[in-house]
Amino acid sequence: MTNTAESAEPAAQSPEDGAATARKAGADTAPKRRHPLARYIIRRFFVCVLLVWGVGTITFFLTNVVPADPAAALISDKVAKSNPEIVAAIRHRMGLDQPLRVRYFIYFRNLLHGDLGTSSLTTNPVSRDLARAFPATLELSIIVFVLTVLISMFLGLLAAIHKKTLLDKIIQVFSLFSISMPGFWVAMLAFYIFFFRLHWFSGGGRLDSSLVPPPTVTGMYLVDSLLNDDPVAFTNALSHIMLPALTLTFLNLGSLIRFCRQSAIEAEQSDYTLGARAKGLPSRTVTIRYVFRGASLPILNMTGLTFGALLSGAVLTETVFSWHGIGEYAYNAATSLDLNGIMGSGLLVGVIYIFINFFVDILCGILDPRVRVQ
Amino acid sequence: MRRLCALAVSVMCCVSLGACGNGGNSAKGGASKTLTIDQTFALSSMDPQRAFEATGYEVNHSVYETALTYKGSDLTKIEPSVTTYKMNDDNTVLTLTMNGEHKFSDGKTVTVDDIVYSYQRLQAIKGNPSYLLDGITVKKVDDKSLTLTAKSSMPQMPSILVAPPLSIVEKSVVEKNGGKLSPEDGAEKYLTDNSVGSGPYMYDKVATDSSIILKRNPYYTGDKPYYDRIVLNNVAATSQKMNLEGGNADIAENISQDESSKMDSNSFAKVSGMSLSTWFLSFNTYAPNAGIAANTDFVSAMKHAIDYDKILELIGPDTQRPAGLIPFSISGAIKSDPNLTYDPAKAKEYLAKSGYDGSEVKLIYSDETAHLSEVAQLVQSDVKKVGINIKLDPQTPANRLSQSRENKTQISISNWGADYPDPANYVSFLPADPAKDGETKGWSYGKSDTADAIKPYAEAAENAKDEDSRIKAYEDLQHKLDEVGPYIPLYQPSSFVMIKSSLKNVTNNGIWGIDYAAVSA
């Protein structure tokens, strides 16, 4: 008898088996599917984490090697002269008696637990101070961002569409004013004219002193007053925020208007736009679906940077309007040599920029497939 | 484009809504009487036994009580508060006896144990104000009294007890929240957010870099204050005038003389008080860093080269110039001294003796204090006329302090504000005593002829028994300091605040500023 296992011819396959075999054969040989966007996001995220560590390290060393003694601001002349044990106790409390490398290690170890140290200026944990100050800046930044983007895109597109006309020139001059004027001066002028002279808006601070702030949910008075059904606090908070918001909007408009205009002009002169016009599409359709869309990517990048800058806090504007946000906190920390406050603010600003760029990059990847493939 | 226009119109509507949102009482907040004060904060801690700056003093004066006090802005007469006092004949033992009933903000009664604990905590935690009770032993006698015993005659003890760091805290609460009689005391954080005092107000919300809100202490046993709430806002000096005139604030504490003179005198009033702060030039005596600034003839040249009247004119009306470092309104202040007269010819003589070679000498000062840059420029131009080249070096306050403490400066513009109104508070200007303070690079006995020349005068002032001989001893000490010391007193500014004319009983005390509980409308 022959070995049928070795020499037997393959059994004839049914059509169903054949199809299954063919599918299996097809599956084995088809190219693997790629997920470029997911890989792009993961890669960028890890880069962000490394960047945060880098920012933290640079901030730490720059802050700790300044040629000034941060304890000096907290020690009186009498004590500094004749009570060395008090000086030693204060320095020990601030951790200044440790070598730099030990302080670096302690700082990052605590950072991993979310502990940014204690502010020598406020005696609060820095994380708590930043959590208190950040909503004030966030609230202001969101309003400024929305106003800035809307107005600058409107004016930028308008200028691009009416290129080289009188309207274009007016818009360009306006943008030059916005870029050129010093922020502190504009803030003082706005405060003087619109609050002091015209009484159109409320003065400094986030709320009238006679009003009790709404219970904290987000820390943003506008949101919290709505959540707590307090229309008086809402309108009062709105009245207080509008003047610094309009001031900051004015100061940020100029560069964004010019950028929007330039991007729109480049998009309008691109081949796909010319092609669309050649096809006979209506002008409005070309503007919205080709020019606007084509210009959106670079504008998106620019607005991301603008939002990052706003979230970092505008020191001069916050100071003039007594808007106790991140900018003012960082300034007070710097002038008082509050090392933990300086490092915490610096790290926060760095993280904000890093992650805003991260999200902008992801958005670009979503909007423009060419980015993720690259 | 149409959609963008619609969005733009919506935004304009929001802006208009914001413009209409002025004022009004919150339905949640009720119609409470609120006093709003704008101040540029000087604050490092709200813990009463650690607070050492103007803002901390002012706030804590209204939140905590002290054993003794002053009435209004009169610093000449000590009044009983939580206790009465009696000093023994040789000024070494001060006996305090409870004076009526006082209650903390949680309703508990203030006891002798609380007072003893507060003073011992001040000594033990080694904070900035701890030196105030150096060399004093605090002891409970019975449930009604305690004693403070000094090692040597200390007539200034009652004055010290008025200072806000001697505030009385509730022992049980502080201990429960980390309070210890040692530098490891952990109650500072709790005391920054929560008050444990028996004063007319208590903390409601504290953000030490932006605003401090006080509310009534419901258990306060004294006269009920007029205002329900006190809101103290940290506002830049440049914005305070507009805030006050625009109705955003009731009191502004940091408006400059120039700005105040332009305000409507019908609507706003100035409340003045003599500040206890003296501004002076200080010369580093550590020769390796100070160079020519450590030379006594050079210092004498500077003393005669400055036109002091011009500085007074610059700072403004009500500014005075004591001839020593002790300001007027504290006993022992002197009006004039022959070593501090404007005499360019004499200045040139001293300069020639000093061997000065014309090189630049740095003058460091804080760039955040009103008028200081003008004062520095005035000094620079005055001394230039006799041949001294000054280079101006503005710094942040923290940097200036840091460099001064490390003896890295040559000349600096400094100030000293009294913690209590007694000349003994000014002994920090005396040379260091290596026997007590250890070795130091600064001016100290045994290392400098000028320091040794001061020593007998310092000892006489410290050991003087009765008030008249004390005053004479401090006057002589200051004359000697003017002759050989490394200081040039420049001016004592007036201290004033601007208020709405509708306010009443606003006093400006040289130690703690405004007494919120006394203010009414």
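Computed from a prediction, not measured in an experiment: that's the story for all the values here.

With respect to the overall build of chain B
Inference 1: Per the secondary structure count, chain B includes 17 helices and 20 strands.
Inference 2: Against the compact-globule benchmark of 24 Å for 521 residues, chain B has a radius of gyration of 25 Å, which places it among compact chains.
Inference 3: Projected onto the principal axes, the alpha-carbon positions of chain B cover approximately 80 × 75 × 45 Å.
Inference 4: Here chain B holds 521 residues, and the buried ones make up 57% of them.
Inference 5: Sequence-distant contacts, at least 24 apart, represent 69% of the contacts inside chain B between residues at least 6 apart.
Inference 6: A total of about 20300 Å² of accessible surface is found on chain B, and carbon and sulfur atoms cover 49% of it.
Inference 7: Charged side chains in chain B number 52 positive and 65 negative. The centres of these two groups are separated by 5 Å.

What about the nonpolar core?
Nonpolar side chains in soluble globular proteins tend to end up buried together.
Residue and element names in this part refer to chain B.
Inference 1: Core analysis: the biggest nonpolar cluster contains 64 residues, and Tyr 119, Leu 146, Leu 148 and Leu 166 have the highest contact counts within it.
Inference 2: Among the elements of the structure, strand S5 (93-98), helix H3 (112-124), strand S6 (136-142), strand S7 (145-150), helix H4 (157-160), helix H16 (449-463) and helix H17 (467-484) are those that each provide at least two residues to this core.
Inference 3: Not counting chain neighbours up to four residues away, the residues in contact with Leu 166 comprise Thr 66, Tyr 119, Leu 122, Leu 132, Leu 133, Ile 160 and Leu 161.
Inference 4: Among the nonpolar cores identified, the runner-up in size contains 37 residues, and Leu 281, Phe 298, Tyr 308 and Leu 340 belong to it.

So, unusual backbone geometry
All names here are of chain A.
Inference 1: For Thr 123, which is not a glycine, the phi torsion comes out positive at approximately 65°.
Inference 2: With respect to the secondary-structure elements, Thr 123 resides in the loop between helix H6 (100-112) and helix H7 (126-161).
Inference 3: Thr 123 gets classed as buried once you look at its relative accessible area, which sits at 10%.
Inference 4: Notably, Ser 322 is not glycine yet its phi reads approximately 50°, a positive angle.
Inference 5: Locating Ser 322 in the fold gives a position in the loop between helix H14 (315-320) and helix H15 (326-335).

Focus: the pattern of salt bridges
Residue and element names in this part refer to chain A.
Inference 1: A complete count under the given rule lists 26 salt bridges over all chains for this structure.
Inference 2: Among the ionic pairs, Arg 44 bridges to Asp 361, the shortest N-O distance being 2.3 Å. Taken together, the positions of Arg 44 in helix H3 (residues 36-64) and Asp 361 in helix H16 (residues 339-367) put the pair 317 residues apart, joining distant regions of the chain. Of the two residues, Arg 44 and Asp 361, both sit in the buried class.

A short note on the sheet that holds strand S13 (residues 277-283) of chain B
Residues and elements named next belong to chain B.
Inference 1: If you walk across this open sheet you meet the five strands as S15-S14-S16-S13-S17, and the pairing is mixed. A strand with exactly one partner marks an edge of an open sheet, and here the two such strands are strand S15 (389-395) and strand S17 (487-491). Across this sheet, the average inter-strand angle for adjacent strands is 30°, counted without regard to direction.
Inference 2: Examined bridge by bridge, S13 and S17 share four bridges and lie antiparallel to one another. Paired with Ser 282 across the two strands is Tyr 487, which belongs to S17.

Focus: the sheet that holds strand S18 (residues 494-500) of chain B
All names here are of chain B.
Inference 1: On the basis of which strands lie adjacent, the open sheet formed by seven strands has the order S8-S9-S10-S1-S11-S18-S12 and mixed pairing. The sheet terminates laterally at strand S8 (201-207) and strand S12 (268-274), the two strands that pair on one side only.
Inference 2: Pairing between S12 and S18: seven bridges, direction antiparallel. Note that in S18 the partner of Lys 270 across the bridge is Met 498.

Here we look at the UniProt feature "domain: ABC transmembrane type-1" (unreviewed entry) in chain A
Inference 1: What UniProt calls "domain: ABC transmembrane type-1" (unreviewed entry) maps, in this numbering, to residues 134-364 of chain A.
Inference 2: With 79% helix and 0% strand, the stretch residues 134-364 of chain A has end C-alpha atoms that lie 27 Å from each other.

Details of the side chain of B:Gln39
Inference 1: With respect to the helices and strands, the residue B:Gln39 is situated in strand S1 (residues 34-39).
Inference 2: Here B:Gln39 falls in the buried class, since its relative accessible area comes to 5%.

Things to note about the UniProt feature "transmembrane region" (unreviewed entry) in chain A
Residue and element names in this part refer to chain A.
Inference 1: On the UniProt side, "transmembrane region" (unreviewed entry) is annotated at positions that read residues 41-62, 140-161, 173-195, 232-253, 299-321 and 341-367 here.
Inference 2: Along residues 173-195 the backbone is 91% helical and 0% strand, and the end-to-end C-alpha distance reaches 26 Å.
Inference 3: Along residues 232-253 the backbone is 100% helical and 0% strand, and the end-to-end C-alpha distance reaches 31 Å.

Description of the packing of H3(A) against H16(A)
All names here are of chain A.
Inference 1: Packing of H3 against H16 leaves a shortest axis separation of 9 Å and a crossing angle of 160°. Of the possible angle classes, the one that applies to H3 and H16 is roughly antiparallel. By crossing handedness, the relation of H3 to H16 is classed as right-handed.
Inference 2: Broken down by class, the residue content of the contact of H3 with H16 amounts to 19 nonpolar, eight polar and two charged.

Focus on the packing of aromatic side chains
All names here are of chain B.
Inference 1: Evaluation of the coordinates by the stated rule reveals 28 aromatic pairs over all chains.
Inference 2: Ring geometry for Phe 280 against Phe 429: centres 5.1 Å apart, planes inclined by 90°, an arrangement best described as edge-to-face. Placement of Phe 280 in strand S13 and of Phe 429 in the loop between strand S16 (411-417) and helix H15 (434-437) is noted, with a sequence separation of 149 residues between them. A single burial state applies to Phe 280 and to Phe 429, both of which are buried.
Inference 3: In this arrangement the basic side chain of Lys 270 is found over the ring face of Phe 496, its NZ or CZ atom lying 4.4 Å from the centre.

Notes on the confidence of the model for chain B
Detailed reading of the predicted model is not advised wherever pLDDT is low.
All names here are of chain B.
Inference 1: Per-residue confidence for chain B averages 89 on the pLDDT scale, and 93% of its residues sit at or above 70.
Inference 2: Contacts of residues 20-30 to residues separated by more than four positions or lying in other chains number 27 contacts, the stretch itself having pLDDT below 50.
Inference 3: Both scores are given for the predicted complex: the pTM is 0.81, the ipTM 0.73.

What to know about the environment of B:Leu148
Residue and element names in this part refer to chain B.
Inference 1: Mapped onto the secondary structure, Leu 148 falls in strand S7.
Inference 2: Assessed through its relative accessible area of 0%, Leu 148 is described here as buried.
Inference 3: Distance from Leu 148 to Leu 94, taken between C-alpha atoms, is 5.1 Å for residues 54 residues apart in sequence.
Inference 4: In this view, Leu 148 contacts Thr 92, Val 93, Leu 94, Leu 96, Tyr 119, Leu 133, Ile 136, Thr 137, Val 138, Met 157 and Leu 161; residues no more than four positions away in its chain are not counted.

Examining the packing of H3(A) against H6(A)
Residues and elements named next belong to chain A.
Inference 1: It is at 11 Å that the axes of H3 and H6 come closest, and there the two elements cross at 140°. Regarding the angle of H3 to H6, the classification is oblique. At the point where H3 passes H6, the crossing takes the right-handed sense. Residue-level inspection shows Trp 53, Gly 56, Thr 57, Phe 60, Phe 61 and Asn 64 of H3 in contact with H6, the latter providing Leu 100, Arg 103, Tyr 104, Tyr 107 and Phe 108.
Inference 2: Here the contact of H3 with H6 is built from residues that sort into seven nonpolar, three polar and one charged.

Regarding a nonpolar patch on the surface
Inference 1: On the surface, A:Trp185, A:Leu189, A:Tyr192, A:Ile193, A:Leu198 and A:Trp200 cluster together into a nonpolar patch covering about 550 Å² of accessible area.
Inference 2: In this structure, A:Trp185 sits in helix H9 (residues 183-197).

What counts, and where the lines are drawn
- Residues numbered from 1 in each chain as written.
- Chains lettered and ligands numbered in written order.
- Predicted model: local features only at pLDDT ≥ 70, side-chain atom pairs only at ≥ 80, totals over all residues.
- Heavy atoms only, no water.
- Helix = DSSP H or I, 4+ residues; strand = E, 2+ residues; numbered from the N terminus.
- Rg over C-alpha atoms; globule rule 2.2 N^0.38 Å.
- Buried < 20%, exposed > 50% of the residue type's maximum accessible area, 1.4 Å probe, protein only.
- Contact = heavy atoms within 4.5 Å.
- Areas by Shrake-Rupley, 256 points an atom, 1.4 Å probe, with all protein chains shown as cover.
- Lys, Arg positive; Asp, Glu negative; His and termini not counted.
- Charge placed at Lys NZ, Arg CZ, Asp CG, Glu CD.
- Core = buried A, V, L, I, M, F, W, Y, C linked by side-chain atoms within 4.5 Å.
- Salt bridge = Lys/Arg side-chain N within 4 Å of Asp/Glu carboxyl O.
- Pairing = 2+ DSSP bridges.
- Axes fitted to C-alpha atoms, helices over the stretch in contact; angles between N-to-C directions.
- UniProt positions renumbered as here; feature names shortened; annotations may be inferred.
- Parallel < 35°, antiparallel > 145°, perpendicular 65-115°, else oblique.
- Left-handed = near helix turned anticlockwise from the far one by under 90°.
- Nonpolar A, V, L, I, M, F, W, Y, C, P; charged D, E, K, R; others polar.
- Phe/Tyr/Trp six-rings, centres within 6.5 Å; stacked < 30°, edge-to-face > 60°.
- Lys NZ or Arg CZ within 6 Å of the ring centre and 35° of its normal.
- pLDDT = per-residue confidence, 0-100.
- Patch = residues over 30% accessible without salt bridge, like charges linked within 9 Å, V, L, I, M, F, W, Y side chains within 5 Å.

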